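Observations on the model geometry
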Number of protein chains: 2
Amino acid sequence: MNKAAAIACGAVIAALAATASAQDVKPERAIKYRQGILQGIGWDMGPMAAMVKGEKPFDKDEFLKRATWVSELAPMPWEGFTPGSDQGAPTKAKPEIWKDMAKFKQYQEAMQAASLKLVAAAKTGTLDAVKGPFGDLGKACSNCHDDFRAK
Amino acid sequence: MNKAAAIACGAVIAALAATASAQDVKPERAIKYRQGILQGIGWDMGPMAAMVKGEKPFDKDEFLKRATWVSELAPMPWEGFTPGSDQGAPTKAKPEIWKDMAKFKQYQEAMQAASLKLVAAAKTGTLDAVKGPFGDLGKACSNCHDDFRAK
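Quick notes on the overall build of chain A
In terms of regular secondary structure, chain A is built from six helices and zero strands. In chain A, the succession of α and β elements from N to C terminus is α-α-α-α-α-α. Taken across its 151 residues, chain A has 50% of its residues classed as buried. Residue pairs at least 24 apart in sequence account for 71% of intrachain contacts in chain A once pairs closer than 6 positions are excluded. Accessible area for chain A stands at about 7,100 Å²; split by element, carbon and sulfur atoms hold 55% of it.

This is the structure:
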């Protein structure tokens, strides 16, 4: 590592000292992390929803990009549901998450699988092909929101 | 699409109506989106920094996961710097971003390239191999923060 890089690296390290692992972070930071990633997923779902609904012209390249991004984001949020992070910052996460982690994990896996199916469908480049898989992904999101997210 | 999926899809669509495209979202939402993704990058940089610094044992699988996630997140935040989103919610983004988009874009590309080099290094599975590329990635982050993020 050259000197300039070492200095920059040191600055980054100092700024991130609180995040040495998902387990030793403060609940507030874990909550903000998972909300940030989940918000990113929502950001990408929006334009896809608009295309599926016909509110926005279907753009196969944009659809594939958004589907891919959702599939990349899909495995990320869950480690932010650290023990004790049912509180510590404003959160809609229900305490049920920590009481039934097995079910919560099932929903995560279903959502990740649905996102991969959407990517596969999006690669065909047609609106007809993505409608069903997009609906399935939306349902996977809703299933978890219904049980584990407060209104 | 089956009926249940269609209903769930409808719910998702309704919730996300405001995000039909990056261009027509409110500044507040764009700011929160980019902050969420950038925070996700910070979340992953933390454990890698701790390993590089020797504060945490080197775990090649975790390092590769974090490096991969950073490389996946790396292209995402930038579309959140929509025209007019230099204000609208608390943000450290300097107005200079919108005055020198070419330079801002150069930094984005350098950071994305550095993240891909780190993934390649992480695939070797050794701490020695990742130290330099991690420092380079940290420097790419710092370069942009120095010029375009308020203290």
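Structure shown, so let's carry the discussion forward.
Structural notes on helix α5 (residues 101–122) of chain B
An ideal rise of 1.5 Å per residue puts 32 Å on 22 residues; α5(B) measures up with 31 Å between its terminal C-alpha atoms. Looking at the buried residues of α5(B), the elements they touch are α2 (27–53), α3 (60–73), α4 (96–99) and α6 (127–148) of chain B.

Some remarks on the pattern of salt bridges
For the coordinates displayed, the defined rule picks out 20 salt bridges over all chains. When the shortest N-O distance is used, the salt bridge between A:Lys53 and A:Glu55 registers 3.2 Å. A salt bridge links A:Lys103 to A:Asp147; the shortest N-O distance between them is 2.8 Å. Here the residue A:Lys103 occupies a position in helix α5 (residues 101–122), and A:Asp147 occupies one in helix α6 (residues 127–148), the gap between them amounting to 44 residues. The partly exposed category is assigned to A:Lys103, whose relative accessible area is 32%. One connected set of salt bridges, linked through shared partners, spans A:Asp44, A:Lys56, A:Glu62, A:Lys65, A:Arg66 and B:Glu79.

Here we look at the packing of aromatic side chains
Evaluated as defined, the whole model comprises 18 aromatic pairs over all chains. A ring pair is formed by A:Tyr33 and B:Trp43, whose centres lie 4.1 Å apart and whose planes are at 10°; its orientation type is stacked. Separated into two different chains, A:Tyr33 in helix α2 (residues 27–53) and B:Trp43 in helix α2 make up a pair that spans both. This pair shows no difference in class: A:Tyr33 is buried, exactly as B:Trp43 is. Aromatic pair B:Phe104 and B:Phe148: ring centres 5.4 Å apart, planes at 85°, arrangement edge-to-face. Taken together, the positions of B:Phe104 in helix α5 and B:Phe148 in helix α6 put the pair 44 residues apart, joining distant regions of the chain. By the ring-pair criterion, three or more aromatic residues cluster together here, those being A:Trp78, A:Phe81, A:Trp98, A:Phe104, A:Tyr107 and A:Phe148.

Details of the confidence of the model for chain A
All names here are of chain A. In the predicted model, chain A carries a mean pLDDT of 90, and the fraction of residues at 70 or more is 85%. Scored below 50 in pLDDT, residues 1–20 shows 35 contacts in the model against residues more than four places distant or in partner chains. Quick note on the complex model: pTM equals 0.87, ipTM equals 0.86.

Structural notes on the nonpolar core
A:Phe63 and B:Phe63 are the most contacted members of the largest nonpolar core, which totals 74 residues. Contributing elements (two or more residues each) for this core: α2, α3 (60–73), α5 and α6 of chain A together with α2, α3, α5 and α6 of chain B. In this view, B:Phe63 contacts B:Met48, B:Met51, B:Val52, B:Phe58, B:Leu118, B:Ala122, B:Val130 and B:Phe134; residues no more than four positions away in its chain are not counted.

Some remarks on the packing of α2(B) against α6(B)
Residue and element names in this part refer to chain B. For the pair α2 and α6, the least separation of the axes is 10 Å and the interaxial angle reads 130°. Judged on the interaxial angle alone, α6 and α2 are oblique. Viewed along their axes, α2 and α6 form a crossing whose handedness is left-handed. In contact with Met45, Met48, Ala49, Met51 and Val52 of α2, α6 contributes Leu127, Lys131, Phe134, Leu137, Gly138 and Cys141.

What counts, and at which threshold
- Residues numbered from 1 in each chain as written.
- Chains lettered and ligands numbered in written order.
- Predicted model: local features only at pLDDT ≥ 70, side-chain atom pairs only at ≥ 80, totals over all residues.
- Heavy atoms only, no water.
- Helix = DSSP H or I, 4+ residues; strand = E, 2+ residues; numbered from the N terminus.
- Buried < 20%, exposed > 50% of the residue type's maximum accessible area, 1.4 Å probe, protein only.
- Contact = heavy atoms within 4.5 Å.
- Areas by Shrake-Rupley, 256 points an atom, 1.4 Å probe, with all protein chains shown as cover.
- Expected span 1.5 Å × (residues − 1).
- Salt bridge = Lys/Arg side-chain N within 4 Å of Asp/Glu carboxyl O.
- Phe/Tyr/Trp six-rings, centres within 6.5 Å; stacked < 30°, edge-to-face > 60°.
- pLDDT = per-residue confidence, 0-100.
- Core = buried A, V, L, I, M, F, W, Y, C linked by side-chain atoms within 4.5 Å.
- Axes fitted to C-alpha atoms, helices over the stretch in contact; angles between N-to-C directions.
- Parallel < 35°, antiparallel > 145°, perpendicular 65-115°, else oblique.
- Left-handed = near helix turned anticlockwise from the far one by under 90°.

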